[in-house]
Amino acid sequence: MRDPVGSCYYNSLYQDVKRYSKHGEYFFKELMAVFQQRAELELNYAKGIQKLASRLLRASKGMSNNSTYSAWCHVSDEMYSTADTHRTLGNAFQQEAVLELRQVLDEHSKRKRPLDNHVEKTGKLLTANWNEQLKMKKKLVGITREHEALVNFVETNKHICTEKEKQKMLNRLTKSAQTQAKLDEEYFSRNMEGHQVRLKWENTLKNCYQIIQELEKQRLEILSTTLDRYRLHISGFGQSLMQGQRGVEQAMQRVDLQKDIQALVEETSATAQENKADFLMADYFEEDSKSLMGKERRRDAIKVKLQRLEESIAKTKKDREVFFMIGLLKLMKSNSDNPSSANQKNMKETRQLLEETTLKQDLLEATHYKVSLSLVALGEGRAIHRFSHSFSHSISKWKDKDCEHSVIQLTRPVVMRSSRQTSSMYNKGAPPPDQGPPHPEQGPP
């Protein structure tokens with residue numbers, strides 16, 4: 001069975017930035033432990049600092065090849081030559097480095113802790129909706145098959161039955177039709193909910209990705225600031241430390257924080273790869289040419305389904321135009337006034353609604369195209385559908401035991417906002433504001 005989350009590019013990006021953050025957190029913990037132990041081992045410095053320098057060098061080797069982490073490799077070289085460091089240096093490490101690093105580490109841990117739970121929760125909703133659609137479809141197919149068998153039985157035997165028996169069969173037929181219609185409506189509703197659940201999961205991944213990325217920018221700033229403080233402390237010591245100090249100063253001169261943050265953004269941001277997502281389409285018993293349903297009844301039933309789809313498409317197009325106009329009004333207001341966080345939030349919500357409506361329209365149009373092919377096969381409708389150029393090569397089928405399922409693969413935009421500017425050291429990692437809504441006449445994503 002297909003995995004509904006396996007084709008999501010947002011999930012790949014989120015997992016990549018999590019791995020990057022895990023390496024950064026490991027380096028942060030190692031660095032904090034190094035400073036803590038160095039403060040405690042100053043009296044036995046000649047023996048202890050050599051071990052810590054080796055540990056710091058090993059920790060630095062696993063990090064990204066940028067100027068900030070490279071500078072810490074030079075710090076480990078300096079530590080080999082500072083066996084006579086004074087106790088006051090250890091006190092300075094304890095008060096200015098260890099405490100701040102621990103505070104930042106605790107704050108980052110608290111902010112990242114709920115992210116995985118939120119992603120897992122929305123992912124379970126997506127999987128549950130997917131499985132529920134499959135389950136309801138199987139049930140609908142079974143009930144429809146039984147209903148059609150009952151229809152054929154009534155038509156075959158009505159001429160030999162008494163009036164009482166005919167009335168009894170008619171009652172059974174009516175009840176069966178009502179049950180089948182109710183389940184059909186529930187199945188269609190669950191299918192329409194699928195894209196909403198998918199978008200909620202993708203938005204969760206995108207938001208969590210941006211939070212972690214902002215925390216990693218802040219981590220680089222803390223490391224750079226701590227490195228600068230470290231340089232200032234050791235620069236006050238005597239001539240015996242000058243050689244080691246010179247190496248650290250040279251490394252600091254090569255630190256380019258803006259370049260490192262830009263490399264972080266490029267390494268963890270979206271690429272130009274085409275992001276395609278699979279969506280389960282609504283399949284109907286009437287589309288099966290091998291079913292027991294008569295040709296005329298099939299034709300009438302398919303027309304009913306197409307009518308419902310056309311009404312849904314018209315409503316969705318109208319909603320899309322409304323959301324676009326709302327977005328334009330909000331954009332004009334934000335340009336005329338000073339943009340506030342509330343305006344940016346409203347713009348983001350409007351864009352999400354417009355994206356959701358666009359995806360819903362694509363799914364409805366694709367379903368209309370697929371269902372209309374069955375009508376063409378019955379000798380009605382146009383051979384060339386108005387959506388054939390968009391969906392003819394995007395729809396595939398796969399079998400699960402006795403059922404055949406239709407899946408459409410749509411190209412989804414990877415919308416990421418990655419600021420290339422250095423954020424404030426005390427910035428809580430809020431993601432950058434969203435952009436305005438796309439034009440409603442854009443093609444399918």
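The structure this text deals with has already been given above.
Residues numbered from 1 in each chain as written. Predicted model: local features only at pLDDT ≥ 70, side-chain atom pairs only at ≥ 80, totals over all residues. Heavy atoms only, no water.

Q: Help me out: how do you make sense of the packing of helix α2 (residues 45-61) against helix α3 (residues 67-80) in this one?
A: Two numbers describe a pair of packed helices, the interaxial angle and the distance between the axes. Where α2 meets α3, the axes come as close as 8 Å, and the angle between the chain directions of the two elements is 160°. One element, α2, and the other, α3, form an angle in the roughly antiparallel class. With respect to the hand of their crossing, α2 and α3 are arranged in left-handed fashion. Contacts from Tyr45, Ile49, Gln50, Leu52, Ala53, Ser54, Leu56, Leu57 and Ser60 of α2 reach α3 at Tyr69, Trp72, Cys73, Val75, Ser76, Met79 and Tyr80. Residues belonging to the contact of α2 with α3 are distributed by class as follows: 12 nonpolar, four polar and no charged. (Axes fitted to C-alpha atoms, helices over the stretch in contact; angles between N-to-C directions. Helix = DSSP H or I, 4+ residues; strand = E, 2+ residues; numbered from the N terminus. Parallel < 35°, antiparallel > 145°, perpendicular 65-115°, else oblique. Left-handed = near helix turned anticlockwise from the far one by under 90°. Contact = heavy atoms within 4.5 Å. Nonpolar A, V, L, I, M, F, W, Y, C, P; charged D, E, K, R; others polar.)

Q: Whenever I open this one, α2 confuses me. Can you help?
A: An α-helix turns once per 3.6 residues; consequently, residues spaced three or four apart project the same way. For α2, built from 17 residues, the straight-helix expectation of 24 Å at 1.5 Å per residue is met to within 8% by its first-to-last C-alpha distance of 24 Å. When we look at burial in α2, the residues that qualify are Tyr45, Gly48, Ile49, Leu52, Ala53, Leu56, Ala59 and Ser60. Along the axis of α2, the buried positions cluster into a sector of 135°, meaning they face one direction only. Every exposed residue of α2 that faces more than 90 degrees away from the buried side is listed here: Lys47, Lys51, Arg58 and Lys61. (Expected span 1.5 Å × (residues − 1). Buried < 20%, exposed > 50% of the residue type's maximum accessible area, 1.4 Å probe, protein only. Arc of directions from axis to C-beta.)

Q: Just to check I follow, could you spell out the pairing of strand β3 (residues 403-411) for this structure?
A: Moving residue by residue along a regular strand, the side chains alternate between the two faces of the sheet. Note that strand β1 (residues 276-280) and β3 share five bridges and pair antiparallel. The partner of aspartate 278 across the bridge, within β3, is glutamine 409. Between strand β2 (residues 395-400) and β3, which pair antiparallel one after the other, the connecting turn spans two residues, and lysine 401 there sits at a positive phi close to 60°. (Pairing = 2+ DSSP bridges.)

Q: Which parts of the structure should I look at to understand the packing of helix α5 (residues 163-234) against helix α6 (residues 242-253)?
A: For the pair α5 and α6, the least separation of the axes is 10 Å and the interaxial angle reads 150°. Here α5 lies roughly antiparallel to α6, going by the angle between them. For the pair α5 and α6, the crossing hand works out as left-handed. From α5, Leu227, Asp228, Arg231 and Ile234 reach across to α6, where they touch Gln245, Val248, Glu249 and Met252.

Q: Quick question: what am I supposed to make of the side chain of arginine 299 here?
A: With respect to the element layout, arginine 299 can be found in helix α8 (residues 295-336). A polar side-chain atom of arginine 299 sits 2.8 Å from a polar atom in the side chain of glutamate 296. When neighbours within four sequence positions are excluded, arginine 299 is seen to be in contact with Leu375, Leu378 and Glu380. (Polar contact = N/O pair within 3.5 Å; in protein donor to acceptor, adjacent residues only side chain to side chain.)

Q: Please clarify how the nonpolar core should be interpreted in this entry.
A: Nonpolar side chains tend to gather and get buried jointly when the protein is soluble and globular. Grouped together as the largest cluster of nonpolar side chains are 39 residues, with contacts concentrated most on Phe27, Leu31, Phe35, Leu56, Trp72, Val75 and Met79. The contact partners of phenylalanine 35, leaving out residues within four places of it in the chain, are Trp72, Phe93, Ala97, Val98, Leu101, Thr226 and Tyr230. (Core = buried A, V, L, I, M, F, W, Y, C linked by side-chain atoms within 4.5 Å.)

Q: Teacher, can you tell me more about the packing of aromatic side chains here?
A: The relation between two aromatic rings is expressed through the spacing of the ring centres and the mutual angle of the planes. Scanning all chains against the criterion turns up six aromatic pairs. Ring geometry for phenylalanine 35 and phenylalanine 93: centres 5.0 Å apart, planes at 55°, overall tilted. Highlighted residues: phenylalanine 35 in helix α1 (residues 9-40) and phenylalanine 93 in helix α4 (residues 87-157), separated in sequence by 58 residues. Classification of phenylalanine 93 as buried rests on a relative accessible area of 2%. Relative to tyrosine 230, the ring of phenylalanine 93 has its centre 5.6 Å away and its plane inclined at 5°; by these criteria the two rings are stacked. Here phenylalanine 93, found in helix α4, pairs with tyrosine 230, found in helix α5; they are 137 residues apart in sequence, far enough to count as distant. Grouped by ring-pair contacts, the aromatic residues Phe35, Trp72, Phe93 and Tyr230 constitute a single cluster. Of note, arginine 198 hangs over the ring of phenylalanine 279, and the distance from its end group to the ring centre comes to 5.8 Å. The side chain of arginine 308 reaches across the aromatic face of phenylalanine 188, ending 4.1 Å from its centre. (Phe/Tyr/Trp six-rings, centres within 6.5 Å; stacked < 30°, edge-to-face > 60°. Lys NZ or Arg CZ within 6 Å of the ring centre and 35° of its normal.)

Q: Looking at this structure, how should I read the pattern of salt bridges?
A: Pairing is possible between side chains that carry opposite charge, provided their charged atoms lie close to one another. As enumerated under the stated definition, the model contains 19 salt bridges in all. As a salt-bridge pair, aspartate 16 and arginine 19 come within 2.2 Å of each other at their nearest N and O atoms. Taken together, the positions of aspartate 16 and arginine 19, both in helix α1 and three residues apart, correspond to about one turn of that helix. Taking relative accessible area as the criterion, aspartate 16 reaches 39% and is therefore assigned partly exposed. Judged by its relative accessible area of 48%, arginine 19 falls in the partly exposed class. The partner of aspartate 283 in a salt bridge is lysine 137, and the shortest N-O contact between them spans 2.7 Å. Linking aspartate 283 in the loop between β1 and α8 with lysine 137 in helix α4, this pair joins segments that are 146 residues apart in sequence. Across this residue pair, the class does not change: aspartate 283 and lysine 137 are buried. Connected via shared salt-bridge partners are Asp184, Glu185, Lys305 and Arg308. (Salt bridge = Lys/Arg side-chain N within 4 Å of Asp/Glu carboxyl O.)

Q: Honestly, the sheet that holds β3 in this entry has me stumped. Any pointers?
A: Each strand in a sheet pairs with its neighbour through backbone hydrogen bonds, running either in the same direction (parallel) or in the opposite one (antiparallel). Ordered in space as β1-β3-β2, the three strands form an open sheet in which the pairing is antiparallel. For this open sheet the edge positions go to β1 and β2, each flanked by a neighbour on one side alone. Neighbour-to-neighbour, the strand axes of the sheet open up by a mean angle of 35°, direction not taken into account.

Q: Honestly, the environment of glycine 123 in this entry has me stumped. Any pointers?
A: When you line up the elements, glycine 123 lands in helix α4. Through-space distance from the C-alpha of glycine 123 to that of leucine 205 is 9.5 Å; in sequence the pair is 82 residues apart.

Q: Hey, could you run me through α6 in this one?
A: For α6, spanning 12 residues, the distance from its first C-alpha to its last is 16 Å, which sits close to the expected 16 Å at 1.5 Å a residue. Taken together, the buried positions of α6 are Gly244, Gln245, Val248, Ala251 and Met252. The arc that holds the buried residues of α6, viewed along the axis, is 120°, so those residues lie on one side. Within α6, the exposed residues directed more than 90 degrees away from the buried face are Gln243 and Gln253. Contact partners of the buried residues in α6: α3 and α5.

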